[in-house]
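What the coordinates show
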Amino acid sequence: TCGICVEKCPFDAIEIINLPQELDEEPVHRYGENAFSLYGLPAPEAGKVTGILGPNGIGKTTAVRILANEITPNLGDWDGAAGWEPVLDEFRGTELQSFLEGLQEEAITVARKPQYVDQIPKRFDGNTRELLAQTDERGVLDELIERLSIGPVMDQPIDSISGGELQRVALAATLARDADFYFLDEITPYLDIGQRMTAARLIGELTGDDRSMLVVEHDLAILDLLADSLHVAYGEPGAYGVITPPKSVKNGINEYLSGYLENENMRIRPNAIEFEEHAPRSVSAGDALVEYPAIEKSYGDGEFSLTVEGGTIHENEVLGVVGPNGIGKSTFAELLAGNLDPDSGSLDANLDVSYKPQYIEIDQPMRVDAFLSSITNDFGSSYWDTEIAQPLQLDSVMEQNLTDLSGGERQRVAIAACLSEDADLYVLDEPSAHIDVEQRVRATTAIRRYAENHDATALVIDHDTYMIDLLADRLLVFDGEPARSGHASPPVGMREGMNRFLADLDVTFRRDERVGRPRINKPGSQLDREQKRAGEYYYTA
Ligand code: ADP
Ligand code: ADP
């Protein structure tokens with residue numbers, strides 16, 4: 001085995017390669033004897049956005065606590081006398097030196113956005129307006145509220161707003177501060193692509209005035225757009241983490257995807273993650289799972305109305321569902337599941353649907369293994385282990401309580417629970433939220449393989465373009481005006497679907513010349529204009 005996989009390799013590595021060993025040098029910080037060690041630190045740069053790309057549990061928060069002067073690094077001497085002098089010596093002559101010196105003079109102020117925004121209501125009792133009022137140190141709050149579309153929830157209690165709204169409120173609260181150093185731990189969960197791009201733009205604009213930004217992000221298309229330089233983090237979650245010196249964003253992401261870090265001469269994964277420049281040829285479709293007629297559904301007295309054109313969903317396929325938030329995607333899933341009745345058009349599909357919602361609420365005081373074994377009799381069989389437990393890395397969480405799981409762990413358990421149900425149609429709403437790139441690829445493999453092996457169909461709603469690209473056979477595209485009206489076209493092939501979806505967003509992707517990875521074009525650039533003229537928004541070959 002290679003250290004990532006326990007038994008069967010989900011990446012189908014032909015050759016098993018030894019993955020990273022802990023470095024043979026002093027760490028920057030070690031929490032205790034045999035405890036987590038961190039090697040290297042990210043180097044925030046004035047006027048720049050610095051990205052960190054890597055798995056959860058690898059020391060990113062530890063690094064930021066050091067840069068925020070909350071932890072004095074001990075250079076591995078965990079029971080010795082701590083002090084900054086030897087640390088300054090260690091980093092003399094590097095990009096970090098002036099930052100660490102500023103930290104010593106207490107000249108650096110820090111603003112931070114936490115990773116799990118869902119925790120905010122536990123710590124704040126009041127409405128959005130009250131929360132944001134405390135943060136307006138730069139006098140820009142009104143503009144942030146406008147651009148992040150927070151207006152409609154200003155007078156709502158914080159514990160009543162959705163995850164996507166909380167994410168935008170948390171972004172506004174952080175960016176409104178007057179700080180030298182901003183740390184944003186994941187900006188995209190629960191946001192649609194338009195909102196992700198707005199957040200990226202706001203962060204970029206704030207780097208003027210010599211402020212520095214450090215951003216952890218797992219949506220690679222957004223990270224690429226946002227960051228000026230990139231540190232890759234690797235290691236063994238919970239045991240040790242290495243943060244590389246800065247790389248160019250392009251090389252950093254390419255090396256990360258290829259699984260091999262060139263300067264470090266380090267293989268971090270047996271296989272490369274690869275993208276097709278050509279739209280996949282439409283494979284001969286399996287039997288129809290459901291042919292649905294045109295349907296309409298509205299809520300209240302027509303505050304929101306959804307129109308769905310009739311279409312066919314095939315057995316054995318993974319159907320990607322794309323479109324903005326608040327446009328009726330979940331409503332459509334609920335209609336298919338028979339949990340909602342349409343106003344017109346009859347949907348007599350009789351489908352057994354297993355549903356993973358966008359906002360996961362599992363709060364039973366129950367262990368993960370007990371919870372999963374209550375869902376399926378296959379729990380613990382070698383087949384279930386290979387298909388579900390291993391790709392979703394459930395081993396380390398089996399004995400924990402559902403209520404103690406981190407957001408990323410809860411996501412993996414919820415995906416496993418959804419796939420473990422016996423159903424005709426598996427609907428997964430934003431499976432990428434809070435899981436890292438590695439876990440997204442593994443979850444993608446698990447979902448795809450599950451659909452193939454069970455003649456099952458999966459409908460996956462997600463806003464991570466790379467994940468949709470790796471996952472979907474066809475696309476179901478939603479458009480309209482969020483919270484007012486939504487419209488769904490019939491499912492189409494990837495090329496047509498991407499073109500429709502991205503034309504609506506006015507975004508084109510080019511291809512990295514070396515590895516063919518899709519990259520968002522600068523609006524108005526020559527390529528952007530050419531591709532729009534040709535009507536090719538995503539696949540360029
Ligand atoms: P990340 O932000 O990349 O998810 P963290 O820096 O939060 O990672 O944590 C890295 C590792 O350090 C984890 O295994 C965590 O349990 C451990 N850790 C964090 N804080 C402490 C602490 N105060 N004492 C001991 N171990 C800690
Ligand atoms: P999406 O999944 O695309 O984010 P939804 O289907 O969840 O969109 O919601 C579409 C719109 O319908 C939103 O404006 C939402 O607030 C509204 N909505 C959803 N469920 C209900 C309901 N039960 N009653 C009234 N309005 C609802």
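Residues numbered from 1 in each chain as written. Chains lettered and ligands numbered in written order. Predicted model: local features only at pLDDT ≥ 70, side-chain atom pairs only at ≥ 80, totals over all residues.

A look at the overall build of the protein
Applied cut-off: Secondary structure elements follow DSSP: runs of H or I of four or more residues count as helices, runs of E of two or more count as strands, with numbering from the N terminus. Buried means a residue has 20 or more other C-beta atoms within 10 Å of its own C-beta, exposed means 12 or fewer, and partly exposed covers the counts in between; C-beta atoms are placed from the backbone. The contact criterion used here is simple: two residues whose C-beta atoms, placed from the backbone, lie within 7 Å are in contact.
When helices and strands are tallied, the protein shows 18 helices and 23 strands. Referenced to the eigenvectors of the C-alpha coordinate spread, the extents of the protein come out at roughly 75 × 55 × 50 Å. Here the protein holds 541 residues, and 45% of them are scored as buried. If you take every contact in the protein between residues at least 6 apart in sequence, the share linking residues at least 24 apart comes to 71%.

Examining the sheet that holds strand β1 (residues 29-30)
In sheet architecture, strand pairing relies on hydrogen bonds along the backbone and comes in two forms, parallel and antiparallel. Cut-off, in case you're wondering: Any two strands are treated as partners once DSSP identifies two or more bridges connecting them.
Overall, mixed pairing links the 8 strands, which are arranged β1-β2-β8-β7-β3-β6-β5-β4 in an open sheet. Whereas interior strands pair on both sides, the edge strands pair on one side only; in this sheet they are β1 and β4 (110-113). Summarising the sheet, strand β2 (residues 37-39) and strand β8 (residues 240-243) pair through 3 bridges and their orientation is parallel. In the sheet register, Ser37 faces β8, and the bridge partner there is Tyr240.

As for helix α10 (residues 249-258)
Buried residues of α10: Val249, Gly252, Ile253, Glu255, Tyr256 and Leu257, and no others. Where α10 is buried, its residues meet β3 (49-53), α9 (220-226), β7 (229-236) and β9 (260-261). The first or second residue beyond α10 is Gly259, which carries a positive phi of 90 degrees.

Describing the site of ligand 1
Heads up, the condition is: All residues are tested the same way: a C-beta atom is placed from the backbone, and lying within 6 Å of a molecule or strand makes the residue near it. Each residue is assigned to one class: nonpolar for Ala, Val, Leu, Ile, Met, Phe, Trp, Tyr, Cys and Pro, charged for Asp, Glu, Lys and Arg, and polar for all the others, Gly among them.
The local shell around ligand 1 consists of Tyr31, Ala35, Phe36, Asn56, Gly57, Ile58, Gly59, Lys60, Thr61, Thr62 and Gly238. Its residues assigned to classes, the shell around ligand 1 comprises 4 nonpolar, 6 polar and 1 charged.

Here we look at the site of ligand 2
For ligand 2, the full set of nearby residues is Tyr299, Gly300, Phe304, Asn325, Gly326, Ile327, Gly328, Lys329, Ser330, Thr331 and Ala483. Residue contributions to the shell around ligand 2 peak at 3 residues, all from helix α11 (residues 329-336).

Notes on the confidence of the model for the protein
Threshold: Looking at any residue, its pLDDT shows the predictor's confidence there, from 0 to 100.
Averaged over every residue, the pLDDT of the protein is 90; residues scoring 70 or more account for 95%. Overall, residues 13-18 carries pLDDT values under 50, and its contacts beyond four positions in sequence, including any with other chains, amount to 9 contacts. On the interface metric, ipTM, the complex scores 0.92, and its pTM is 0.92.

Side note on the nonpolar core
The condition is simple: Buried Ala, Val, Leu, Ile, Met, Phe, Trp, Tyr and Cys residues whose C-beta atoms connect them within 7 Å together make up a nonpolar core.
Counting residues in each nonpolar core, the largest one holds 143 residues, and the members touching the most others are Ala172, Ile203, Val215, Leu226, Ile447, Ala458 and Val460. In contact with Ile203, not counting residues within four places along its chain, are Val49, Leu184, Met213, Val215 and Leu226.

Observations concerning the pairing of β8
Every second residue of β8 is oriented toward a common face, with Tyr240 and Val242 on one face and Gly241 and Ile243 on the other, all of them buried. Examined bridge by bridge, β7 and β8 share 4 bridges and lie antiparallel to one another. Pairing of Glu236 across the sheet is with Tyr240, part of β8.

A word on the packing of helix α14 (residues 407-420) against helix α15 (residues 437-453)
Applicable threshold: As a rule, the C-alpha atoms of each element are fitted with a line to give its axis, helices using only the stretch in contact, and angles between N-to-C directions run from 0 to 180 degrees. An angle below 35 degrees is treated as roughly parallel, one above 145 as roughly antiparallel, one from 65 to 115 as roughly perpendicular, and anything else as oblique.
Running from N to C, α14 and α15 cross one another at 5 degrees; their axes reach a closest spacing of 11 Å. Looking at the two axes, α14 sits roughly parallel to α15. For the pair α14 and α15, contact is made by Gly408, Arg412, Ile415 and Leu419 and by Gln439, Ala443, Ala446 and Tyr450, respectively. Residue composition of the contact of α14 with α15, by class: 5 nonpolar, 2 polar and 1 charged.

A word on the environment of Ile253
Mapped onto the elements of the fold, Ile253 is located in helix α10. Among the residues examined, Ile253 registers 25 C-beta atoms within 10 Å and is labelled buried. Remark: the alpha-carbon pair of Ile253 and Glu361, spanning 108 residues in sequence, is separated by 33 Å. Setting aside chain neighbours within four positions, we find Ile253 in contact with Leu53, Leu220, Leu223, Asp224, Leu230 and Arg517.

Notes on unusual backbone geometry
Although it is not a glycine, Asn316 adopts a positive phi angle of roughly 80 degrees. Within the fold, Asn316 resides in the loop between β14 (311-314) and β15 (318-322). You can call Asn316 partly exposed: it has 18 C-beta atoms within 10 Å. Despite not being glycine, Asp455 has its phi angle at roughly 45 degrees, a positive value.

A look at the pairing of strand β19 (residues 474-481)
Among the 8 residues of β19, 6 are classified as buried, and the element is accordingly described as predominantly covered. By the bridge criterion, 4 bridges tie β15 to β19 in an arrangement that is parallel. Directly across from Val321, in β19, lies its bridge partner Leu476. Bridge count between β19 and strand β21 (residues 492-493): 2 bridges; the pairing is antiparallel. Within β21, the residue paired with Leu475 across the bridge is Val492. Pairing geometry for β19 and strand β20 (residues 485-488), over 4 bridges, is antiparallel. Paired with Asp479 across the two strands is His487, which belongs to β20. With antiparallel pairing between neighbouring strands as the criterion, β19 and β20 make up a hairpin whose turn holds 3 residues, including Ala483 at a positive phi of roughly 70 degrees.

Quick notes on the environment of Ile273
Assignment of secondary structure puts Ile273 in the loop between β10 (266-267) and β11 (288-292). In the structure, Ile273 is positioned 197 residues away from Leu470 in sequence and 9.1 Å away in space, judged by C-alpha atoms. Apart from residues no more than four positions distant in its own chain, Ile273 is found in contact with Leu257 and Val441.

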